[in-house]
Amino acid sequence: MSKFERRIYNFCAGPAMLPTPVMEKAASEFLNYRGSGMSIMEDSHRGKLFEEVLDTSLSLLRELLSVPENYEIMFLSGGASLHFSALPLNLLKEGESADFAVTGIWAKKAMEEALRFSPVKKIYDGEDHKYTESPELNDSMVNPGAAYVYITSNNTLLGTRYATIPNITKAPLIADMTSEILSRKIDVSKFGAIFAGAQKNIGPSGLSVLIIRKDLLGRSGRTIPILMDYSLTAKNKSMYNTPPTYSIYMAKLVFEWLKDLGGVEKIEKINEEKAKILYDYLETTSFYNAPVKPNSRSVMNVVFTIHDKNLESKFLVGAEERGLHGLEGHRLVGGLRASIYNSMPKEGVVALVEYMKEFEKKA
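Bear in mind that the values here come from a model prediction, so they are computed numbers and not experimental data.

Right, let's talk about the overall build of the protein for a bit. Each helix and strand in the protein was counted, giving nine helices and 14 strands. In terms of overall dimensions, the protein is globule-like: its C-alpha atoms have a radius of gyration of 21 Å, near the 21 Å expected for 363 residues. Dimensions of the protein, computed from C-alpha atoms along their principal axes, come out at roughly 65 × 60 × 30 Å. Here the protein holds 363 residues, and the buried ones make up 57% of them.

In structure tokens, the structure reads:
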């Protein structure tokens, strides 16, 4: 047992739980970072202490994801939604288009934002089947002249993902990986750019990560707001302005924790085991329903419903009493959702299934 109070199992989609060892490390260093007599939160972003934090964070992320040297990695403020605007401004020349696979609400929002700047096109729309599956995208679907193809690799709200990353070669593949980055092995070289908000598998909210092929920097030639200009951010090593220093420090601790655990390959196996426990149970009961088709089911966000919708509020009250927090579905879709990111221990998923079985018997 930790020296701290017992922590609940936090199934929130984000901001999500962080590893307990990371939180303990942060707590132990909070007032006095490495004998400096101050918190890293108080240190200048131009100081040597934070410079080491930043360099280590970027280096660890490159190592964990095996990012090739011809890719730039940078930290930005604003969360993932910042990139809905920044991507078309940085990657599309005036009048150029890009292709979007709309597999959920966040992909739809990204496309709607891109349309403010360029005549982008939709090559897939899953709205007709309520976004319960992900498509098999291929080059034949890519429009002539498309500057890039945009996907959301994991649908946080509705619990779908691309089980296999699309093999797109006609245009750079751009992915919002906010809710699954660092959860499974990926070949970064298949992408033109990857971005992610930090609040699922990296650290506190308000920070985002961008991994982008260097030849795409400065491509659009547009006049871009300074804090959205990827080239400027890269040139200034993520420090054109004061970055979210404490969030980057927390990201460093998470990266160190993941490396010590065995890296992405190890956590991928753990994540698959956790998801299997929950999905296997859902397959055995008609009391609960998992609406997503099996070949598109997310490993990070498991959505489900109760056959009698009126029981959901009672289910949530009982869950909170058990220390199972954050199981309510997104306000736009309802239902129930268990987000089981890297930091969720297997014991949390087992505890959830035990409660689900008990609730079913008593209902």
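Another point: the side chain of Asn271. Note that Asn271 resides in helix α7 (residues 263–282). The residues contacting Asn271, other than those within four sequence positions of it, are Ser183, Val299, Met300, Ile340, Tyr341 and Asn342.

The geometry of helix α6 (residues 245–261) relative to α7 is characterised by a closest axis approach of 7 Å and an angle of 80° between their N-to-C directions. Between α6 and α7, the crossing angle belongs to the class labelled roughly perpendicular. Residues Trp257, Leu258, Lys259 and Leu261 of α6 form the contact with α7, whose participating residues are Gly263, Val264, Lys266, Ile267 and Ile270. Partitioned by chemical class, the residues of the contact of α6 with α7 number six nonpolar, one polar and two charged.

This part takes up the pattern of salt bridges. Under the definition given, this model contains 16 salt bridges. Between Arg34 and Glu52 there is a salt bridge, and its shortest N-O distance comes to 3.0 Å. Note that Arg34 is positioned in the loop between α1 (20–29) and α2 (48–64) and Glu52 in helix α2, a separation of 18 residues in sequence. A salt bridge links Arg322 to Glu358; the shortest N-O distance between them is 2.2 Å. Taken as a pair, Arg322 in the loop between α8 (312–321) and β13 (324–325) and Glu358 in helix α9 (residues 346–362) lie far apart in primary sequence, 36 residues in all. Under the relative-accessibility criterion, Glu358 is labelled partly exposed at 30%. Salt bridges here are not isolated pairs; linked through shared partners, they connect Arg322, Glu358 and Lys362.

Moving on to the UniProt feature "binding site: pyridoxal 5'-phosphate" (unreviewed entry) in the protein. UniProt feature "binding site: pyridoxal 5'-phosphate" (unreviewed entry): in the numbering of this structure it lies at Ala80, Ser81, Trp106, Thr156, Asp176, Gln199, Asn241 and Thr242. Spatial dispersion of the annotated residues is evident: they stretch over 163 residues in sequence, and the largest pairwise C-alpha distance comes to 30.4 Å. Within the secondary structure layout, Ala80 lies in the loop between β2 (71–77) and α3 (81–91). Ala80 gets classed as buried once you look at its relative accessible area, which sits at 12%. Those residues in contact with Ala80, other than ones at most four positions away along the chain, are Thr178, Phe195, Ala196, Gly197 and Ser208. If near-sequence neighbours (up to four positions away) are discounted, Gln199 is found in contact with Gly14, Pro15, Ala16, Thr178, Pro204 and Ser205.

Bringing the sheet that holds strand β14 (residues 336–339) into the picture now. Strand pairing in a sheet is mediated by backbone hydrogen bonds. Such pairs are either parallel or antiparallel. The three strands lie next to each other as β11-β12-β14, forming an open sheet whose pairing is antiparallel. Both outer strands of the open sheet, β11 (288–289) and β14, are each paired with one neighbouring strand and no more. Across the sheet, α7 is in contact with β11, β12 (301–306) and β14; its angle to β12 comes to roughly 20°.

In this section: the packing of aromatic side chains. For the coordinates displayed, the defined rule picks out 17 aromatic pairs. Arranged with centres 5.2 Å apart and planes meeting at 90°, the rings of Phe315 and Phe359 form a pair that is edge-to-face. Of this pair, Phe315 sits in helix α8 while Phe359 sits in helix α9, and the two are 44 residues apart along the sequence. Exposure class is identical for Phe315 and Phe359. Each is buried. With 6.0 Å between their ring centres and 50° between their planes, Tyr355 and Phe359 make a pair best called tilted. Of the two residues, Tyr355 and Phe359 are both situated in helix α9; the distance of four residues between them amounts to about one turn of the helix. In this structure, Tyr355 and Phe359 share a single accessibility class: buried. Following the ring pairs from residue to residue traces out a cluster consisting of Tyr281, Phe287, Tyr288, Phe304, Phe315, Tyr355 and Phe359.

What counts as what
Residues numbered from 1 in each chain as written. Predicted model: local features only at pLDDT ≥ 70, side-chain atom pairs only at ≥ 80, totals over all residues. Heavy atoms only, no water. Helix = DSSP H or I, 4+ residues; strand = E, 2+ residues; numbered from the N terminus. Rg over C-alpha atoms; globule rule 2.2 N^0.38 Å. Buried < 20%, exposed > 50% of the residue type's maximum accessible area, 1.4 Å probe, protein only. Contact = heavy atoms within 4.5 Å. Axes fitted to C-alpha atoms, helices over the stretch in contact; angles between N-to-C directions. Parallel < 35°, antiparallel > 145°, perpendicular 65-115°, else oblique. Nonpolar A, V, L, I, M, F, W, Y, C, P; charged D, E, K, R; others polar. Salt bridge = Lys/Arg side-chain N within 4 Å of Asp/Glu carboxyl O. UniProt positions renumbered as here; feature names shortened; annotations may be inferred. Pairing = 2+ DSSP bridges. Phe/Tyr/Trp six-rings, centres within 6.5 Å; stacked < 30°, edge-to-face > 60°.

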